[in-house]
Amino acid sequence: MAQVLLFHHAHGLTSGVRDFAEGLRCARHTVHVPDLYDGQVFDDLEEGVGYAEQLGVGTIIARGVAAAEGLPNGLIYAGFSLDVMPA
């Protein structure tokens, strides 16, 4: 089965993203889901995008790169919306 590095969207690491990852796990994939927002979750898209802008694109990408370090070759990178950038 596949090893997947899944990045959340601008709302943060929501229950919907966690549920999606769990669905992949149920299909016997290994899924890594880093929290690029340090626990921040936003109901409002504009607030989530604003937080991403506050962090900076470079920081988000660097966090994504750090999340991939040490993971195996052949890793599948996936992301939702805004956080497809680190993928």
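The structure this text deals with has already been given above.
This report concerns the structure included in the present document. (Residues numbered from 1 in each chain as written. Predicted model: local features only at pLDDT ≥ 70, side-chain atom pairs only at ≥ 80, totals over all residues. Heavy atoms only, no water.)

**Comments concerning a negative patch on the surface**
Here is the rule we go by: Only residues above 30% relative accessible area that lack a salt bridge enter a patch, with like-charged residues linked at up to 9 Å and the nonpolar side chains Val, Leu, Ile, Met, Phe, Trp and Tyr linked at up to 5 Å. Per-residue accessibility takes into account occlusion by the displayed protein chains alone, with areas from the Shrake-Rupley method and a 1.4 Å probe. For this analysis, a salt bridge means a side-chain nitrogen from Lys or Arg found within 4 Å of a carboxyl oxygen belonging to Asp or Glu. Two residue types count as positive, namely Lys and Arg, and two as negative, namely Asp and Glu; His and chain ends fall outside the count. Here the site of a charge means atom NZ of a Lys, CZ of an Arg, CG of an Asp or CD of a Glu. What counts as a helix is a DSSP run of H or I of at least four residues, what counts as a strand is a run of E of at least two, and both are numbered from the N terminus. To sort residues, take the accessible area from a 1.4 Å probe on protein chains only and compare it with the maximum for the residue type: under 20% means buried, over 50% means exposed, and anything in between is partly exposed.
On the surface, a cluster of negative charge is contributed by Asp43, Asp44, Glu46 and Glu47. With respect to the helices and strands, the residue Glu46 is situated in helix 2 (residues 45-55). Exposure remark for Glu46: the relative accessible area of 67% places this residue in the exposed category.

**Looking at helix 2**
How we decide: Directions drawn from the helix axis to the C-beta atoms are what define this arc. Note on contacts: a residue pair is in contact if any heavy atoms of the two residues lie within 4.5 Å. Polar contact is the term for a pair of N or O atoms within 3.5 Å; when the atoms are in protein, one must be able to donate a hydrogen and the other to accept it, and sequence-neighboring residues count only if both atoms are side-chain atoms.
Looking at helix 2, one finds that the buried residues are Gly48, Tyr51, Ala52 and Leu55. The arc that holds the buried residues of helix 2, viewed along the axis, is 100 degrees, so those residues lie on one side. Seen from the buried face of helix 2, the exposed residues on the opposite side, beyond 90 degrees, are Glu46, Glu53 and Gln54. Buried residues along helix 2 sit in contact with helix 3 (57-68). At the N-terminal end of helix 2, a side-chain oxygen is found 3.0 Å from the backbone nitrogen of Glu46, two or three residues along, and the residue is Asp44.

That's the geometry; what it means functionally is another story.
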